[in-house]
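# Chains, contacts and geometry: an overview
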Amino acid sequence: QVQLVESGGGLVQAGGSLTLSCAASVSIFSTYGMGWYRQAPGKQRELVAATRTGGGTIYGDSVKGRFTLSIDNTKNTVYLQMNSLKPEDTGVYYCKASRLGGMYYWGKGTSVTVSS
């Protein structure tokens, strides 16, 4: 069983920055793809950033150039650096670990609120 725990959310003014963390209970990054998703009030959950099988990272169109996903294997932690935040970035941010074959795990989320 893999547990994912997100942290780092909070309230920030537009134009500010936040770094989210997702700590995994075991070392999984060599076998699982990692991703960040978000869900705004009244909207569906959407992809923010995710690692690609074979390398590289994909980003949602609305965050390209502003957000960066990174992984620290020594700490079993994946990060989401968020810069130039906008009110529309407000939502609950979730970490997901997934691998081929359909197995996946979600964290419980961390809330981000960007004020205008």
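If you're wondering where the values come from, they're calculated on a predicted model, not measured in any experiment.

Looking now at the nonpolar core. One finds Leu-4, Ile-28, Met-34, Trp-36, Leu-80, Met-82 and Tyr-93 to be the most contacted residues of the largest nonpolar core, which totals 27 residues. Every element with two or more residues in this core is listed here: strand S3 (18–24), strand S4 (33–39), strand S5 (46–51), strand S7 (67–72), strand S8 (77–82), strand S9 (91–98) and strand S11 (110–115). The element contributing the most residues to this core is S3, with 4 residues.

This part covers the pattern of salt bridges. Applying the stated criterion to the full structure yields 4 salt bridges. Salt-bridge contacts for Arg-38 lead to Asp-89; the nearest nitrogen and oxygen are separated by 2.9 Å. You can see Arg-38 sitting in strand S4 and its partner Asp-89 sitting in the loop between S8 and S9, a full 51 residues away along the chain. Of the two residues, Arg-38 and Asp-89, both sit in the buried class. The shortest N-O distance in the salt bridge between Lys-64 and Asp-61 comes to 3.1 Å. An identical accessibility class is assigned to Lys-64 and Asp-61; each is exposed. Salt bridges linked by common partners bring Arg-38, Glu-46, Arg-66 and Asp-89 together as one network.

About the thresholds
Residues numbered from 1 in each chain as written. Predicted model: local features only at pLDDT ≥ 70, side-chain atom pairs only at ≥ 80, totals over all residues. Heavy atoms only, no water. Core = buried A, V, L, I, M, F, W, Y, C linked by side-chain atoms within 4.5 Å. Buried < 20%, exposed > 50% of the residue type's maximum accessible area, 1.4 Å probe, protein only. Helix = DSSP H or I, 4+ residues; strand = E, 2+ residues; numbered from the N terminus. Salt bridge = Lys/Arg side-chain N within 4 Å of Asp/Glu carboxyl O.

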